[in-house]
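Structural features, examined
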Amino acid sequence: MEEKDFKSGFVALIGRPNVGKSTLMNYLVGQKVAITSNKPQTTRNRISGIYTSNKMQVVFVDTPGIFKPHSKLDDYMDKASLSSLNDVDLVLFMVEPEEIGKGDQYIADLLKEVKVPVFLVINKVDQIHPNKLLPIMDSYHKLEGFKEILPISATQGIGIEDLLGTINKYLPEGPQYYGADQITDRPEYFVVAELIREQILVLTSQEVPHATAVAVDHMNKHERGKLVIEATIYVEKDGQKGIIIGKGGKMLKQIGINSRKEIENLLGEKVNLRLWVKVQYNWRSDPGFLKQIGYDKKELS
Ligand SMILES: Nc1nc2c(ncn2[C@@H]2O[C@H](COP(=O)(O)OP(=O)(O)OP(=O)(O)O)[C@@H](O)[C@H]2O)c(=O)[nH]1
Ligand SMILES: [Mg+2]
């Protein structure tokens, strides 16, 4: 229950693609609200994961990895990440367990403009020998500007208690914004579409995952005790459509089987998932289409 010195606030997760931002958020929330993959540029929209204990409520704001934009979608993704820095209480800048490189230097420079405290979080420390950690931490100490430098592993749970304890120290006293059982700010249909996209990231390669968008069209009727979900997978070219469907429909079937399991896990009920594949030429550079499927810049302000 709410105590007198209850703390709450918003904490942004910022960093290059693939450093483990979404993995950390899921670990903290205790459930998969953001999809993850070993391919960079997995996250495309801001999504919050809500952590609640009897001492505090932290709204973690996961963001797309920051990189040099090549298309309208890329540009949208960078803006989504950077705009989140203006309205949070704290920023976690996540990096790989290695000495600072160009991509991280670029983000570190952007973060100098941020007025709220910034923690440097070195993730994936399970991948390195403990002796290697000190020189890495030193290289970041030299940069200055970080209130705390914290090594963690988002998959092994290393350093997470420390991280939460340190966040607690910096957050202001405040109310519980969300119910204790709410784990994300996004509607279920958004997470459902993402879970389908996650399987496309797992099962296909090269340009296909990046050329794919998923939209849930219907998710409100039941047939024979199952929730019927209809969703469309958009790709940019006929060849990509062929890959998503696969020989004799094999790939699409596998995408359906895998994502249905994840969706049933999320919703806690049986699902009848129906998938369609459509070509939407050059959708990544089409502002009208981006808006139509929810990648809307206005959503950010
Ligand atoms: N070994 C190890 N792998 C990790 C750890 N955290 C994340 N990963 C892996 O790193 C990969 C990327 O994780 P994501 O959470 O998707 O990374 P992200 O920063 O959200 O990436 P974008 O959404 O593309 O910006 C996945 O394969 C994760 O399993 C960790 O602590 N240790
Ligand atoms: Mg991510």
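Cut-offs used in this document
Residues numbered from 1 in each chain as written. Chains lettered and ligands numbered in written order. Predicted model: local features only at pLDDT ≥ 70, side-chain atom pairs only at ≥ 80, totals over all residues. Heavy atoms only, no water. Helix = DSSP H or I, 4+ residues; strand = E, 2+ residues; numbered from the N terminus. Rg over C-alpha atoms; globule rule 2.2 N^0.38 Å. Contact = heavy atoms within 4.5 Å. Areas by Shrake-Rupley, 256 points an atom, 1.4 Å probe, with all protein chains shown as cover. Lys, Arg positive; Asp, Glu negative; His and termini not counted. Charge placed at Lys NZ, Arg CZ, Asp CG, Glu CD. Core = buried A, V, L, I, M, F, W, Y, C linked by side-chain atoms within 4.5 Å. Buried < 20%, exposed > 50% of the residue type's maximum accessible area, 1.4 Å probe, protein only. Domains from an automatic or database assignment. Buried area = accessible area lost by both parts, 1.4 Å probe. Polar contact = N/O pair within 3.5 Å; in protein donor to acceptor, adjacent residues only side chain to side chain. Nonpolar A, V, L, I, M, F, W, Y, C, P; charged D, E, K, R; others polar. Donors = N, O, S within 2.8 Å, 3.2 Å for Na, K, Ca; no water. Axes fitted to C-alpha atoms, helices over the stretch in contact; angles between N-to-C directions. Parallel < 35°, antiparallel > 145°, perpendicular 65-115°, else oblique. Left-handed = near helix turned anticlockwise from the far one by under 90°. Pairing = 2+ DSSP bridges.

**Section: the overall build of the chain**
- Per the secondary structure count, the chain includes nine helices and nine strands.
- Taken over the C-alpha trace, the chain has a radius of gyration of 20 Å; the compact-globule value for 301 residues is 19 Å, and the two agree within 12%.
- Seen along its three principal axes, the alpha-carbon backbone of the chain occupies a region of about 55 × 45 × 40 Å.
- A separation of at least 24 residues holds for 71% of the contacts in the chain among residues at least 6 apart in sequence.
- A total of about 14900 Å² of accessible surface is found on the chain, and carbon and sulfur atoms cover 49% of it.
- The centroid of the 39 positive side-chain charges in the chain is displaced by 7 Å from the centroid of its 39 negative side-chain charges.

**Overview of the nonpolar core**
- By size, the foremost hydrophobic cluster in this structure holds 54 residues, and its most contacted members are L24, F60, L92, I167 and I196.
- Residue contributions to this core reach at least three from each of two domains, namely domain 1 (7–170) and domain 2 (188–300).
- Those residues in contact with I196 that lie beyond four places of it in its chain are V214, A231, I233, I255, S259, I263, L273 and L275.
- By size, the runner-up hydrophobic cluster in this structure holds 24 residues, among which are V88, V91, V114 and I122.

**Points about the domain arrangement of the chain**
- Along its sequence, the chain is carved into domain 1 (7–170) and domain 2 (188–300).
- Domain 1 and domain 2 are separated by 27 Å when their C-alpha centres are compared.
- At the junction of the two partners, domain 1 supplies 23 residues and domain 2 supplies 27 residues.
- Between domain 1 and domain 2 the total buried area reaches about 2100 Å² when both faces are included, carbon and sulfur atoms providing 57% of it.
- Of all residues in domain 1, the largest losses of buried area upon contact with domain 2 belong to I35, R44 and Y76, amounting jointly to 30% of the total for that side.
- The interface formed by domain 1 and domain 2 includes eleven residue pairs in polar contact (both at pLDDT 80 or more).
- Residue contributions to the side of domain 1 that touches domain 2 peak at seven residues, all from helix α2 (residues 72–83).
- Residue composition of the side of domain 1 that touches domain 2, grouped by class: seven nonpolar, nine polar and seven charged.

**Quick look at the coordination of the magnesium ion (ligand 2)**
- The protein atoms that coordinate the magnesium ion (ligand 2) are S22 (OG) and T43 (OG1), at distances spanning 2.0 to 2.1 Å. Here the residue S22 occupies a position in helix α1 (residues 21–29), and T43 occupies one in the loop between α1 and β2 (47–52), the gap between them amounting to 21 residues.
- Accessibility expressed as a relative area gives 10% for T43, which makes it buried.

**Some words on the packing of helix α6 (residues 188–203) against helix α8 (residues 250–267)**
- As a packed pair, α6 and α8 sit with axes 9 Å apart at the nearest point and diverge in direction by 140°. The orientation of α6 relative to α8 falls into the category oblique. α6 and α8 meet at a crossing whose hand is right-handed. Mapping the contact onto sequence places E188, V191, V192, L195, I196, Q199, I200 and L203 in α6 and M251, Q254, I255, N258, S259, E262, I263, L266 and L267 in α8.
- Grouping the constituent residues of the contact of α6 with α8 by class yields eleven nonpolar, four polar and two charged.

**Comments concerning the sheet that holds strand β9 (residues 271–279)**
- Taking strand neighbours across the sheet as the criterion, the three strands line up as β7-β8-β9 in an open arrangement whose pairing is mixed. The open sheet has two edge strands, β7 (213–223) and β9, and neither has a second partner. Across the sheet, the mean angle from the axis of one strand to that of its neighbour is 15°, orientation sign disregarded.
- Judged from the eight bridges that link them, β7 and strand β8 (residues 226–235) form a sheet pairing that is antiparallel. Opposite H222, over in β8, you have L227 as the bridge partner.
- Running at roughly 125° to β7, α6 makes contact with β7, β8 and β9 of the sheet.

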